Amino acid sequence: NNSMILITGGAGYIGSHINKELNKKGYETIVIDNLINGHESAVKWGEFLEGDLNDFEFINSIFNSYDIEGVMHFAAFTSVAESVEFPAMYYKNNYKNTLNLLKAVKLANVNKLIFSSTAAVYGNPKKVPITENHPVNPINPYGKSKLMVETVLENESKSIDSDFKYVSLRYFNACGADPETEIGENHNPETHLIPLILDVAIEKREKIAIFGDDYETFDGTCIRDYIHVCDLAQAHIKAFEHLQEDETNKNPLKKSNIFNLGNGNGFSVKEVIAACEKVTGHKIKKELAEKREGDPAILIADSKKAIETLKWEPKFTDLNKIVETAWKWHKKLNE
Ligand code: UDP
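Computed from a predicted structure; not experimentally measured.

*Asks:* Quick rundown of the site of the ligand? Include the residues and the values.
*Replies:* The ligand sits among 15 residues. The nearest are Asn-173, Leu-193, Ala-209, Arg-292 and Asp-295. Here Asn-173 contributes a side-chain N or O atom positioned 2.9 Å from an oxygen atom of the ligand. Leu-193 places a main-chain nitrogen or oxygen 2.8 Å from an oxygen atom of the ligand. Here the ligand has 510 Å² of accessible area as a free molecule, and 86% of this is covered by the chains. Mapped by element, the contributors of at least two residues to the shell around the ligand are helix 6 (193–201) and strand 8 (208–211). When the residues that make up the shell around the ligand are grouped by side-chain class, the tally is 9 nonpolar, 3 polar and 3 charged.

Below is the structure:
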């Protein structure tokens, strides 16, 4: 079987880890990426084609040239702050360009797609841990653009004359790196907590700003659900296998699904800083800063549905282990 998986945005942080894992499992992959935020050096497995999802002819030619069994769709802009500043750019790249991809997918009769979604679709949660039934109410253009894609995927899976099925995976705080240190997180500019703290450890930055310490949490700082990127990768493979199962059953509604992906434990900003101090052996200088707009006190996933339905099990539940992989990669990246 020479069928391949097409990975859009496979040169990015999360896509590159899924690409590695798919190849390890014996899948053939083809990565497309416009390299605006991705790095060609992160595509160490499968084939690579540089291109943009706004280019329908480009996407369509890939489906005409390769035997594609399914798509994993990561290509998107991912910064909440940037989405507030440039909303139209986010809707165009994340939503409109996905419509091009879907058009090519349908023309080629490809019927399986895994979508990289986000906990941002929930907005400020009414209740934690957050289950998939929690109402969606994104509070920024980034989360809204992802929810728009989920909506069209759901509609497509319900269209009568199609066997198209999809799984949407709503990630909480993706973090960590490939334990073999071949790939990892490399954002420019960096905005995520763990790599920013590690920048302080290598003295690239002077201090870490703590965005608020009077939240209603046990130590006053925000609690997030940090999920290791390799655990995310495993979930994507399980989700794809979930769609492959029972392929003869032409009822796509039975298989299409939405899953939260988190590690089940929340950690506060102060706990993350302490773990980074422990793992790196460096004292991290901190300063109290203004709260960031739109930051809820606690975001924790209820991932029971993914654990039960997909037989998925997050392995990196220990924050120190997560930070260890991030630290090894961070040192290599900044050598
Ligand atoms: N955070 C912080 N200082 C920073 C960056 C982040 O205190 O310099 C906090 C942020 O308020 C949030 C958590 O760390 O509670 C994780 O933020 P990140 O930007 O990594 O991910 P997000 O939760 O926004 O997706």
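Text resumes after the structure shown.
*Asks:* Please provide a residue-by-residue account of the sheet that holds strand 14 (residues 298–299), values included.
*Replies:* Taking strand neighbours across the sheet as the criterion, the 3 strands line up as 12-9-14 in an open arrangement whose pairing is mixed. Looking at strand neighbours, the two that pair on one side only are strand 12 (267–268) and strand 14, the edges of this open sheet. Note: strand 9 (residues 223–224) against strand 14, 2 bridges, orientation parallel. Its bridge partner lying in strand 14, Ile-223 is registered against Ile-298.

So, how was this worked out
Residues numbered from 1 in each chain as written. Predicted model: local features only at pLDDT ≥ 70, side-chain atom pairs only at ≥ 80, totals over all residues. Heavy atoms only, no water. Near = heavy atom within 4 Å. Polar contact = N/O pair within 3.5 Å; in protein donor to acceptor, adjacent residues only side chain to side chain. Areas by Shrake-Rupley, 256 points an atom, 1.4 Å probe, with all protein chains shown as cover. Helix = DSSP H or I, 4+ residues; strand = E, 2+ residues; numbered from the N terminus. Nonpolar A, V, L, I, M, F, W, Y, C, P; charged D, E, K, R; others polar. Pairing = 2+ DSSP bridges.

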